[in-house]
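Here is how the chains run, residue by residue.
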Amino acid sequence: MSTPPLIEAHNLAVRYPNGELALHNVSFTINSPSFMAIIGPNGSGKSTLVKAALGLIKPAQGSIKVLGYDSVKQVSKIRKLVRYVPQRDRIELAVPMKVKDIVLMGRLLKKLPPRFASSRDTEIAKEALRQVNMESLWNHPFPELSGGQRQRVLVARALAGEGSILVLDEPLAGTDVESQDLIVDALGRYHRENDVSIIMITHDLNPIHTMVQDVLLLKNTVIGIGEPCSIMEPELIKKVYGPTAKIVEHSGHRYCLTRDSGFDRHD
Amino acid sequence: MIDIIQIIITSPFLQRALLAAVLVAVIAAASGTFLVFRGLSFMASGVAHAALGGTALGIFLQESGLVPWFDPVLGALLFSVLVAIFTGYAGESGITQKMEVAVGVSFALSMSLAVFLMYYIPPYRVPQIWGYLVGDILLLNDLDVIMLASTAVLLGVITLMFNKEFVYVSVDMEGSVAHGMNARAYHYLMLIISALAIALATKAVGAILVYAILVAPAAASNELVKSVRGVIITVFMIALIAELIGLTTSFVVYVSPSAIAGILAALSYILALQVKRIRERVHMDVEETTSTPADLVETFNQSIAIEEKRDHNHEH
Ligand SMILES: Nc1ncnc2c1ncn2[C@@H]1O[C@H](COP(=O)(O)OP(=O)(O)O)[C@@H](O)[C@H]1O
Ligand SMILES: [Mg+2]
């Protein structure tokens, strides 16, 4: 194999300081490039897996690599490659940021102080906002946007950045239909037109399952991995989401119906 | 007007007071703003009182002959920085609750230590400790002003250089780290440099005024102003005006300038809340008049369409 895998986990376990074992026995490989989705119910360790991959949490056991770089020993290499958008509730709204400030973060974070925005940075940031139909709110206060609009701006932050891997934690959580469509289209287009991988955590595979290549189904360990349709197995989904979960087929695609929707919240 | 200028020219203590007022306003703008963004405004009070405990310890070490060269201001700086680091450590994960506890504990510890040591230091030096609590901007000497100026300038330069980093740490700690920014270093840099400035400002104008000037204007501006730079400038203006009015008033009537400045600073926050409420009410009125029935009809139709789609899915 010429290019190393996008993500590769070996017997990974992650424990939080309070003793909670969020992930255990996680082993899998996803080839690069990919548009991958990480799915699973609330508290299944999706965010934890991504944070371990980015070196934000150290594994209690095992290892995880991103494009061949170890998340502990070579974390600075990984951070050059990655553009990360955490869960929306991790963004502090008490700071009077404008929409442009948030999007420019995507570019300025990779620079050195004093991190001035060049006219090219501004141009790219505006283009990214255009992708999610938010360019007219360039000067608008970010905390005053609706949930869906904020999510769109955060996705634009990732689109505006540089680095071959986009990592988005629940970009569809708490969005209205319009925002959801805009985000999904923008990400799909970006993946087609650029040589990048996208790792997207989501509650709900349905809006993106026609464009994702790999799906990782988690419930504190790997329950399933494969193409969207192989993950959309009634037995598998019931095992993870409970007996009320259903798979439906509609115009050639499988859709998953679960009671579990909405927004993960935890600190 | 001429009179005022003449008074200022002929009285060095007034010049020092005016200079100190500007410097404290700089500290409020640089430090207070970012502490409020970081959800750490109460740290200002923890640090200011730690300075008091540190001074008490410094005087004790000096007077008891244990460490004769130990200047009390060293104790103030040391304690303040320790409290800042302790708070910063508790809050590294961004959990405000833990930081609050850290500040509370430091506060209690420094004050208790100060009161404890007061019994073991010569009575003539006790007022020096109380000076850290109430302070008097009109009694500063040259050295006080020079020290205050050096930290204010240092703080100002660092804030100018790293204001984006300080903002990013406050807005999105995880995201900043994941993009390769050394967020922890900036987190501590901000807290430590703020602590140094707060400690020296406390020596100059007293803990109570420092707290009022650092927190209230920043909180007030953050309610109303919608850009980071705007908040910083507004804080500077509010703090400076409050202090200048305080100084001026103290010449007309017999009153402590710090007391007036503190009261005005606190009032600025209450005023900001009122203005915000009025603004929101106006905003709501506008929205009410502009939402036409046509909009509602469309919304209603859309919601029916979504309902239908959902039912459709369930049938499968
Ligand atoms: N900072 C934390 N401290 C302690 N436990 C945590 C923390 N973050 C998450 N957890 C726990 O770890 C588990 C996995 O969380 P998470 O990765 O956030 O799940 P998901 O993103 O799939 O909803 C949950 O049980 C959650 O309660
Ligand atoms: Mg999560």
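A. View of the overall build of chain B. On a plain count of helices and strands, chain B comes out with 13 helices and zero strands. When the helices and strands of chain B are placed in sequence order, the string is α-α-α-α-α-α-α-α-α-α-α-α-α. Within chain B, counting contacts between residues at least 6 apart in sequence, those at least 24 apart form 76% of the total. Of the roughly 15500 Å² of accessible surface on chain B, 70% is carried by carbon and sulfur atoms.

B. How the structure looks around the coordination of the magnesium ion (ligand 2). Residue and element names in this part refer to chain A. Protein coordination at the magnesium ion (ligand 2) comes from Ser 47 (OG) and Gln 87 (OE1), with a distance range of 2.0 to 2.1 Å. In this pair, Ser 47 is assigned in helix H1 (residues 46-53) and Gln 87 in the loop between strand S6 (82-85) and helix H3 (99-108), connecting sequence segments 40 residues apart. Gln 87 carries the same exposure label as Ser 47, and that label is buried.

C. Seen up close, the sheet that holds strand S4 (residues 61-66) of chain A. Residues and elements named next belong to chain A. In space, the four strands of this open sheet follow the order S2-S1-S4-S5, with antiparallel pairing throughout. Bordering the open sheet on either side are strand S2 (21-30) and strand S5 (69-70), each of which pairs with just one other strand. Packed onto the sheet, H1 meets strand S1 (7-15), S2 and S4 and runs at close to 65° relative to S2.

D. A look at the side chain of His191(A). All names here are of chain A. Residue position: His 191 is located in helix H6 (residues 177-193). Among the polar contacts made by the side chain of His 191, one reaches the main-chain carbonyl oxygen of Val 196 at a distance of 3.4 Å. With sequence-adjacent residues up to four places away left out, His 191 is seen in contact with Ser 34, Phe 35, Val 196, Ser 197, Ile 198 and Gln 213.

E. View of the nonpolar core. Counting residues in hydrophobic clusters, the biggest one holds 143 residues, and the most contacted among them are Met97(A), Val153(A), Leu187(A), Leu35(B), Ile137(B), Leu148(B) and Leu214(B). When residues of this core are assigned to their parent elements, the largest contribution, 15 residues, is made by helix H2 (residues 12-37) of chain B. Discounting chain neighbours no more than four positions away, the residues touching Val153(A) are Val99(A), Ile102(A), Val103(A), Leu129(A), Met134(A), Phe142(A) and Leu145(A). Judged by nonpolar contacts, the second largest core, of 30 residues, contains Ile30(A), Leu49(A), Ile64(A) and Ala178(B).

F. Fine view of the packing of helix H3 (residues 42-63) of chain B against helix H6 (residues 126-134) of chain B. Residue and element names in this part refer to chain B. It is the contact of H3 with H6, at a shortest axis distance of 9 Å, that shows an interaxial angle of 170°. The angle between the axes of H3 and H6 places the two elements in the roughly antiparallel class. Here H3 contributes His 49, Ala 51, Leu 52, Thr 55, Ala 56 and Ile 59 to the contact with H6, which in turn contributes Gln 128, Ile 129, Tyr 132 and Leu 133. In the contact of H3 with H6, the residues fall into seven nonpolar, three polar and no charged.

G. Summary view of the confidence of the model for chain A. Residues and elements named next belong to chain A. When pLDDT is averaged along chain A, the result is 90, and 91% of the positions lie at 70 or above. For chain A, per-element mean pLDDT is lowest for strand S12 (residues 253-257), which scores 63, and highest for strand S7 (residues 165-169), which scores 98. Scored below 50 in pLDDT, residues 261-267 makes 21 contacts in the model with residues more than four places away or belonging to other chains.

H. Summary view of the interface of chain B and chain A. Residue-level contacts link 30 residues of chain B with 32 residues of chain A. When the buried surface of chain B facing chain A is broken down by residue, Val171(B), Glu174(B) and His179(B) rank first, second and third, together holding 27% of it. Summed over the shared surface of chain B and chain A, the result is five salt bridges. Only helix H7 (142-171), helix H8 (173-178), helix H11 (228-252) and helix H13 (293-315) of chain B provide two or more residues apiece to the side of chain B that touches chain A. When the residues that make up the side of chain B that touches chain A are grouped by side-chain class, the tally is 13 nonpolar, 12 polar and five charged.

What counts and what doesn't
- Within each chain, residue numbers correspond to sequence positions counted from 1 in written order.
- Here the convention is simple: chains get letters from A, ligands get numbers from 1, in the order in which they are written.
- Only residues with pLDDT of at least 70 get local features here, since the model is predicted, and only at 80 or more are side-chain atom pairs given and counted; chain-wide, interface and lining totals rely on the full set of residues.
- Note that water and hydrogens are dropped before the side-chain values are worked out from all heavy atoms of the structure.
- Elements are defined by DSSP. Helices are runs of H or I of four residues or more, strands are runs of E of two residues or more, and each kind is numbered from the N terminus.
- Should any heavy atoms of two residues lie within 4.5 Å, those residues are considered in contact.
- Per-residue and other accessible areas follow the Shrake-Rupley method at a 1.4 Å probe size, with only the shown protein chains counted as cover for residues.
- In this analysis a donor is any N, O or S atom within 2.8 Å of a metal ion (3.2 Å for sodium, potassium and calcium), and since water is not included, sites may seem incomplete.
- The classification of residues rests on relative accessible area computed with a 1.4 Å probe and restricted to protein chains. Under 20% of the type maximum is buried, over 50% is exposed, and intermediate values are partly exposed.
- Strands were regarded as paired on the criterion that DSSP finds at least two bridges between them.
- Only the stretch in contact is used when a helix axis is fitted, and all axes are lines through C-alpha atoms; the angle between N-to-C directions ranges over 0 to 180 degrees.
- A 3.5 Å cut-off defines polar contacts: any pair of N or O atoms within that distance qualifies, except that in protein one atom must be a possible hydrogen donor and the other a possible acceptor, and neighbouring residues in sequence count only when both atoms are side-chain atoms.
- Think of a nonpolar core as a cluster: buried Ala, Val, Leu, Ile, Met, Phe, Trp, Tyr and Cys residues, connected wherever their side-chain atoms sit within 4.5 Å.
- Any angle that falls under 35 degrees is termed roughly parallel, while one over 145 is termed roughly antiparallel, one within 65 to 115 roughly perpendicular, and all others oblique.
- For this scheme, ten residues count as nonpolar: Ala, Val, Leu, Ile, Met, Phe, Trp, Tyr, Cys and Pro. Four count as charged, namely Asp, Glu, Lys and Arg, and the remainder, Gly too, count as polar.
- How sure the predictor is of each residue is captured by pLDDT, a score from 0 to 100.
- Accessible area that two parts lose when put together, evaluated with a 1.4 Å probe and summed over both, is termed the buried area.
- The term salt bridge refers to a pairing of a side-chain nitrogen on Lys or Arg with a carboxyl oxygen on Asp or Glu at a separation within 4 Å.

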